[in-house]
Amino acid sequence: MNKKDLRNFVRMQKGQFSSNELRELSLPVMRRLMAHPRIKNASVILMYYSLDDEVFTHETLERLVAEGKEVLLPAVVDDSHMELRRYRGPQDLQGGFFNIMEPIGEVFNEYERIDVAVVPGMAFDSRNNRLGRGRGYYDRLLVQLPHTYKIGVCFDFQRLPGVPTDANDQPMDEVI
């Protein structure tokens, strides 16, 4: 199956669940994430502010901030790039590209300080390859974070035996 067909397949799978059901399915994923030694020991964490069809991160973000972690969220700046911004709470969000809530905090450029990146995806495989939404934003960002431990997060039904990859696709170190 090619990338486009696989994305459509996963969208159909997601469509079988309501937003509330997906939030419920997110709870064990976020519990495992918060118990992960890399998260517990991290000072600087790159996260994402979830869309309705992604593993729900909103409460986890607040918890990380409350624990004193420096939390970063990506913001789309043009057709091919994202920048990272500090997140201190919901007041730091506004609607951005593609109707995604994005951070408006100060820009963060010290990429070498990022301990962990928590990354969404359409699908992941047993070799920790990631299939994104198809615009390449995360792949272009992650290539700039070679020292950062990358954790993909997904629902169980998004774990597939294999996903098609090419030279630009950035694998995860682990998938939860």
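Report on the accompanying structure. (Residues numbered from 1 in each chain as written. Predicted model: local features only at pLDDT ≥ 70, side-chain atom pairs only at ≥ 80, totals over all residues. Heavy atoms only, no water.)

The nonpolar side chains of a soluble globular protein tend to be buried with one another. Counting residues in hydrophobic clusters, the biggest one holds 46 residues, and the most contacted among them are Met47, Ile114, Val118 and Val153. If you list the elements that add at least two residues to this core, you get helix 2 (19-35), strand 1 (44-46), helix 4 (58-66), strand 2 (70-76), strand 3 (82-87), strand 7 (116-119), helix 5 (137-142) and strand 10 (149-152). Here this core takes 5 residues from helix 2, the largest share from any one element. In terms of nonpolar packing, the next biggest core, distinct from the first, is built from 7 residues, Met122, Ala123, Leu131 and Val163 among them. (Core = buried A, V, L, I, M, F, W, Y, C linked by side-chain atoms within 4.5 Å. Buried < 20%, exposed > 50% of the residue type's maximum accessible area, 1.4 Å probe, protein only. Helix = DSSP H or I, 4+ residues; strand = E, 2+ residues; numbered from the N terminus.)

Let us look at the pairing of strand 7. In regular strands, side chains alternate between the two faces of the sheet. Burial along strand 7 is two-sided: the residues Val116 and Val118 and Ala117 and Val119 are all buried. Bridging between strand 7 and strand 10 involves 4 bridges; their strand directions are parallel. Residue valine 118 lies in a different strand from strand 10, and its bridge partner there is isoleucine 151. (Pairing = 2+ DSSP bridges.)

A few words now on a nonpolar patch on the surface. A contiguous nonpolar surface patch, about 350 Å² in accessible area, is contributed by Met1, Phe9 and Met12. Judged by its relative accessible area of 30%, phenylalanine 9 is partly exposed. (Patch = residues over 30% accessible without salt bridge, like charges linked within 9 Å, V, L, I, M, F, W, Y side chains within 5 Å. Areas by Shrake-Rupley, 256 points an atom, 1.4 Å probe, with all protein chains shown as cover. Salt bridge = Lys/Arg side-chain N within 4 Å of Asp/Glu carboxyl O.)

Attention now goes to the packing of aromatic side chains. One pass over the structure, following the stated rule, counts 2 aromatic pairs. Summarising the aromatic geometry, the rings of phenylalanine 17 and phenylalanine 157 are spaced 5.1 Å apart at their centres and angled 15° between planes, so their arrangement reads as stacked. Placement of phenylalanine 17 in the loop between helix 1 (3-14) and helix 2 and of phenylalanine 157 in the loop between strand 10 and strand 11 (159-160) is noted, with a sequence separation of 140 residues between them. Accessibility expressed as a relative area gives 30% for phenylalanine 17, which makes it partly exposed. On the accessibility criterion, phenylalanine 157 (19% relative accessible area) is buried. Each ring, one from phenylalanine 155 and one from phenylalanine 157, has its centre 5.5 Å from the other, and the planes form 10°; the classification is stacked. (Phe/Tyr/Trp six-rings, centres within 6.5 Å; stacked < 30°, edge-to-face > 60°.)

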